[in-house]
Amino acid sequence: MRLRVALFHYVFWNDWVNAYADWSYKLEEFDAREIARRASLGPPRPPARPKPAAAAENSRYMDPALASVTWADLERISPLVWRRATRLALQFGYDY
């Protein structure tokens, strides 16, 4: 059930924000300077309050059951939503 919710959320969220976005990027290629430049934010400034080291990282637990999920698993959940997810993945520069 969680996987079904995640699949639908991925598709509906990305379709919604994509309708308003002027630009998108792959998270793996995140470049804060490029985003600041596009948003006309000027040069970077040091944070007002540094974050503690533990809070500065994404330390969310990865459910081992989700580590081996395949596109075929997602297709079995909902072929229609899977098809839209694969199109979004390609549009955003990912292989499936």
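Structure report, in brief. (Residues numbered from 1 in each chain as written. Predicted model: local features only at pLDDT ≥ 70, side-chain atom pairs only at ≥ 80, totals over all residues. Heavy atoms only, no water.)

Some remarks on the pattern of salt bridges
How we decide: We define a salt bridge as a contact between a side-chain nitrogen of Lys or Arg and a carboxyl oxygen of Asp or Glu at a distance within 4 Å. Secondary structure elements are taken from DSSP: a helix is a run of H or I of four residues or more, a strand is a run of E of two residues or more, and numbering for both begins at the N terminus. Any residue under 20% of the maximum accessible area for its type is buried, any over 50% is exposed, and the rest in between are partly exposed; the area is computed with a 1.4 Å probe on protein chains only.
Tallied over the entire structure, the rule returns 4 salt bridges. Arg76 is the partner of Asp73 in a salt bridge, and the nearest nitrogen-oxygen pair spans 2.3 Å. Remark: Arg76 and Asp73 occur in helix α4 (residues 71-77); sequence separation between them is 3 residues, near one turn of the helix. Overall, the relative accessible area of 61% leaves Arg76 in the exposed class.

Thoughts on a nonpolar patch on the surface
Inclusion rule: Surface patches are drawn from residues lacking salt bridges whose relative accessible area is over 30%; two like charges belong together within 9 Å, two nonpolar side chains (Val, Leu, Ile, Met, Phe, Trp, Tyr) within 5 Å. Only the protein chains shown count as cover for residues, and the accessible areas themselves come from Shrake-Rupley with a 1.4 Å probe.
Side chains of Trp23, Tyr25, Leu27 and Phe30 sit close together on the surface and give an oily, nonpolar patch of about 440 Å² of accessible area. Summarising the element assignment, Phe30 is placed in the loop between α1 (2-18) and α2 (32-38).

Here's the deal with the packing of aromatic side chains
Describing an aromatic ring pair means giving the distance of the ring centres and the angle of the ring planes. The following threshold applies: Geometry of aromatic contacts follows a simple scheme: Phe, Tyr and Trp rings, the Trp one being its six-membered ring, pair when their centres are within 6.5 Å, and the pair is stacked under 30 degrees between planes, edge-to-face over 60, tilted otherwise. Distance and angle both matter: a charge sits over a ring if NZ of Lys or CZ of Arg is within 6 Å of the ring centre and within 35 degrees of the ring normal.
Enumeration according to the criterion identifies 5 aromatic pairs in this entry. With 5.8 Å between their ring centres and 55° between their planes, Tyr25 and Phe30 make a pair best called tilted. Residue placement shows Lys26 over the ring face of Tyr94; its charged tip is 4.6 Å from the ring centre.

A word on unusual backbone geometry
In this model, Ser40 sits at a positive phi of 55°, which is unusual for a non-glycine residue. Structurally, the position occupied by Ser40 is in the loop between α2 and α3 (53-56).

With respect to the environment of Arg4
Convention followed: For this analysis, residues touch if any pair of their heavy atoms sits within 4.5 Å.
Structurally, Arg4 is set in helix α1. Under the relative-accessibility criterion, Arg4 is labelled partly exposed at 37%. Through-space distance from the C-alpha of Arg4 to that of Leu74 is 7.7 Å; in sequence the pair is 70 residues apart. Residues contacting Arg4, with those up to four places away along its chain left out, are Ile77 and Ser78.

Observations concerning the nonpolar core
Condition: We define the nonpolar core as a collection of buried residues of types Ala, Val, Leu, Ile, Met, Phe, Trp, Tyr and Cys that are connected through side-chain atoms lying within 4.5 Å of one another.
Core analysis: the largest hydrophobic core is formed by 8 residues, namely Leu7, Val11, Leu74, Val81, Trp82, Ala85, Leu88 and Phe92. In terms of residue count, the dominant contributor to this core is helix α5 (residues 79-91) (4 residues). Every residue in contact with Ala85, bar those within four places of it in the chain, is listed here: Leu7, Tyr10, Val11 and Trp71.

Shape descriptors only; they carry no functional weight alone.
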